[in-house]
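Structure at a glance
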Amino acid sequence: MIIQQQTVCDVIATNAYFYVDEKTKHGFLIDPGAEADLLLKEIDDKGYIIEKILLTHGHFDHIGAVEKIAQMLNIPYFIHHEGKKYLTDATYNLSAWFVKPIILEKAQYFDDGDVICLSSAPYICLRVIYTPGHTSDSVVFYDKVNKIAFCGDTVFREGVGRTDVPGGDMQSLWQSIENRIWSLPDDTILYCGHGLQTSVENEKYRR
Ligand SMILES: [Zn+2]
């Protein structure tokens, strides 16, 4: 398994992740938030064959490079079905305030519990865990075999996501974290939307 963290920045530095099968080089791209050209060059240089773009949630700093990459590679992008209102409303995805408005009309949707596998390497799968709170469309992508979770802006190293944004809710956030993330094995590595990686153990027992 290749996990490549690539920090991209428009106005906020965000982590995009390549999640790629070592053998076939097929993989997913998670949260391409900005700098489409940089990400495309990385894909080209490394020989990755990206099958799908997966989004942890619909904020502008996680979706800014989706349109160009999806178009250039002719691949689909996926978000939780609650994400439709974020992708199609620039005040909801906050792009109206920070960058030029982003509207994405062609998403496909997943739901809690869906398992998304690579078509050319079907033993490589991510399970969708719905974790509303930071936004109403937030999810975690969980690889049970490798004990890895991509947790977007729900949990950070020594912090949690903000909830003072459209669709944010502090009570839901803590329910999601305590019921759905702390219940993963302690040694699960958490790859966050911003900043450094952490683990369930680090965050759960820090409190
Ligand atoms: Zn966010």
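What counts, and where the lines are drawn
- Residues numbered from 1 in each chain as written.
- Predicted model: local features only at pLDDT ≥ 70, side-chain atom pairs only at ≥ 80, totals over all residues.
- Heavy atoms only, no water.
- Helix = DSSP H or I, 4+ residues; strand = E, 2+ residues; numbered from the N terminus.
- Buried < 20%, exposed > 50% of the residue type's maximum accessible area, 1.4 Å probe, protein only.
- Contact = heavy atoms within 4.5 Å.
- Areas by Shrake-Rupley, 256 points an atom, 1.4 Å probe, with all protein chains shown as cover.
- Phe/Tyr/Trp six-rings, centres within 6.5 Å; stacked < 30°, edge-to-face > 60°.
- Donors = N, O, S within 2.8 Å, 3.2 Å for Na, K, Ca; no water.
- Tetrahedral: all angles 85-135°; square planar, octahedral: opposite > 155°, others 65-115°.
- 1 Å grid on protein atoms, 1.4 Å probe; cavity = no way out; pocket = protein on both sides within 12 Å on 5 of 7 lines; lining within 4 Å.
- Points joined across faces, edges and corners; volume = space filled by probe spheres on them.
- Nonpolar A, V, L, I, M, F, W, Y, C, P; charged D, E, K, R; others polar.
- Pairing = 2+ DSSP bridges.

Within the protein, the secondary structure is distributed over 7 helices and 14 strands. Over its C-alpha atoms, taken along the principal directions, the protein stretches across nearly 40 × 40 × 25 Å. In the protein, buried positions account for 53% of the 207 residues. Sequence-distant contacts, at least 24 apart, represent 60% of the contacts inside the protein between residues at least 6 apart. Of the accessible surface of the protein, which amounts to about 9,200 Å², a share of 49% is contributed by carbon and sulfur atoms.

Now for the packing of aromatic side chains. With the rule as written, the count across this model stands at 9 aromatic pairs. With 5.5 Å between their ring centres and 80° between their planes, phenylalanine 110 and phenylalanine 141 make a pair best called edge-to-face. With a gap of 31 residues between them, phenylalanine 110 in strand β6 (residues 108-110) and phenylalanine 141 in strand β9 (residues 139-143) connect regions that are remote in the sequence. Neither residue differs from the other here; phenylalanine 110 and phenylalanine 141 are each classed as buried. Cluster of aromatic residues (ring-pair linked, three or more members): Tyr17, Tyr19, Phe28, Phe150 and Tyr191.

For the rest of this paragraph, the subject is the coordination of the zinc ion. Octahedral six-donor coordination of a metal ideally yields angles of 90 or 180 degrees, compared with 109.5 degrees for tetrahedral four-donor coordination. The protein atoms donating to the zinc ion are His57 (NE2), His59 (ND1), His134 (NE2) and Asp153 (OD), with metal-donor distances spanning 2.2 to 2.4 Å. For the zinc ion, the 4 donor atoms in the first shell make angles of 89 to 166° at the metal, so the coordination geometry reads as irregular.

What follows deals with the layout of surface pockets. The volume enclosed by the largest pocket comes to roughly 320 Å³. Around the largest pocket, the lining comprises 18 residues; the ones closest to its centre are Asp10, Gly64, Ala65, Lys100 and Ile102. Here the lining of the largest pocket is built from residues that sort into 10 nonpolar, 2 polar and 6 charged.

For residues that are not glycine, phi is negative in most cases, and the peptide bond is trans in most cases. For aspartate 31, which is not glycine, the phi torsion reads 55° and is therefore positive. By secondary structure assignment, the location of aspartate 31 is in the loop between β3 (26-30) and α1 (36-46). Since its relative accessible area comes to 2%, aspartate 31 is described here as buried. Here asparagine 74, not a glycine, exhibits a phi torsion of approximately 55°, which is positive. Tracing the chain through its elements places asparagine 74 in the loop between α3 (66-73) and β5 (77-80). Residue class for asparagine 74 comes out exposed when judged on its relative accessible area of 68%.

Where burial is concerned, most of β9 is hidden: 5 out of the 5 residues are buried. Sheet topology places strand β8 (residues 125-130) next to β9; 4 bridges connect them, and they run antiparallel. Pairing of isoleucine 129 across the sheet is with valine 140, part of β9. Relative to strand β10 (residues 148-152), β9 is paired through 3 bridges, and the arrangement is antiparallel.

With mixed pairing, 6 strands are arranged side by side in an open sheet as β7-β8-β9-β10-β13-β14. The sheet is open, and its two edges are formed by β7 (115-117) and β14 (198-199), each paired on a single side.

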